[in-house]
Structures are given as structure tokens and as C-alpha cells.
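# Survey of secondary and tertiary structure
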Amino acid sequence: VQLQASGGGLVQAGGSLRLSCAASGRTFSSYRMAWFRQAPGKEREFVAGIGSSGGSTYYTDSMKGRFTISRDNAKNTLYLQMNSLKPEGTAVYYCAARLDYGGTNYYMAHTYDYWGQGTLVTVSS
């Protein structure tokens, strides 16, 4: 599956952005999806994940209540709505995919087989 992330940009602290990740090549609805981010000089970290049907979602504690992950399987697209952005949210955001065999381990980057190219989000203070 090929992934193409978009929607990044410059936003002031407290603002909102919606990221998109368009998928092609395989049956999107068979894949669990996730967003990760990587800030300069830091390791890639889990942001949010969603099951293949969209019925299960997972978030890093610091994102709960501010970020919402969703998917539209008819459009082969994954979304991340980010509200109340903070300067520490400045990072390259990546979407990732793997076939959904069940289980709740969404958090480990090495378990994902496919990655988008990333989209840069810059939050100014």
C-alpha cells in the first residue's frame, strides 16, 4: 500500500489543523492505521491509531481530548484532526499502515510495514 500524507503547515499555538493520508494499492479497509510524529533531534513517537473498521481508536495520553483520528474506508483516507496545538507539537507527522490481525499493540513503530513521506507541522508560540 502506498501512503501520501498532506495537510501540514504553520499554525499558531491554540490553532487547529487536519492532516490527511491517502492510501492506494491495496484494500485499505484491511489495514490498521496510525499517526506518528518526529520532532527535530527526537525519536519517532506514537500519536494515534485506529483499527481497520474504525471502531477502535488509541491515543497517547497527551493527545487525548485534543486530537481525533478517523478514517473513511470508502475514500481510502485516514485523518488526524488536531486542536489546541502546542509549540511542542512541531514535528514531521507520518501515517503508517499494517494489516490488522487484531490485538492492541498500535504504539510500536517497528510493527508497521508501510509509511507515508511525512508532512511538517510547525506550531508557533
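Here, every reference points to the structure presented above.
Think of each chain on its own: its residues are numbered from 1, step by step along the sequence as written. Per-residue local features are limited, in this predicted model, to residues with pLDDT of at least 70; the limit for side-chain atom pairs, both in listing and counting, is 80 or more; totals at the level of whole chains, interfaces and linings are taken over all residues. Based on all heavy atoms of the structure, the side-chain values leave hydrogens and waters out of the count.

## Here we look at the state of the cysteines
For clarity, the cut-off: By definition, disulfides here are pairs of cysteine sulfur atoms that lie within 2.5 Å. Secondary structure elements follow DSSP: runs of H or I of four or more residues count as helices, runs of E of two or more count as strands, with numbering from the N terminus. Exposure is judged per residue with a 1.4 Å probe applied to protein chains only, and the accessible area is read against the type maximum: over 50% gives exposed, under 20% gives buried, and values in between give partly exposed.
Within this structure, the stated rule accounts for one disulfide. Between the sulfur atoms of Cys21 and its disulfide mate Cys95 the distance is 2.2 Å. Disulfide Cys21-Cys95: the torsion about the S-S bond is 70°, which places it as right-handed. Placement of Cys21 in strand 3 (residues 17-24) and of Cys95 in strand 9 (residues 91-99) is noted, with a sequence separation of 74 residues between them. Assessed through its relative accessible area of 0%, Cys21 is described here as buried. Classification of Cys95 by relative accessible area gives buried; the value is 0%.

## Side note on the packing of aromatic side chains
Selection rule: The criterion for an aromatic pair is that two Phe, Tyr or Trp rings (for Trp, the six-membered ring) have centres within 6.5 Å, with stacked assigned to planes under 30 degrees apart, edge-to-face to planes over 60 apart and tilted to the rest. For a Lys NZ or an Arg CZ to count as sitting over a ring, it must be within 6 Å of the ring centre and within 35 degrees of the ring normal.
Enumeration over the complete set of coordinates arrives at nine aromatic pairs. Geometrically, the ring pair formed by Tyr58 and Tyr107 is edge-to-face, given 6.3 Å between the ring centres and 80° between the ring planes. Of this pair, Tyr58 sits in strand 6 (residues 57-59) while Tyr107 sits in the loop between strand 9 and strand 10 (114-115); the two residues are 49 residues apart in sequence, bridging distant segments of the chain. By relative accessible area, Tyr107 is classed as partly exposed at 38%. Relative to Trp115, the ring of Tyr112 has its centre 6.3 Å away and its plane inclined at 70°; by these criteria the two rings are edge-to-face. Classification of Tyr112 by relative accessible area gives buried; the value is 4%. Taken together, the aromatic side chains of Phe36, Phe46, Tyr58, Tyr94, Tyr106, Tyr107, Tyr112 and Trp115 make up a single cluster linked through ring pairs. The cationic tip of Arg32 hangs over the ring face of Tyr106; the distance from NZ or CZ to the ring centre is 4.0 Å. Seen from the ring of Tyr94, Arg44 lies directly overhead, with NZ or CZ sitting 3.9 Å from the centre.

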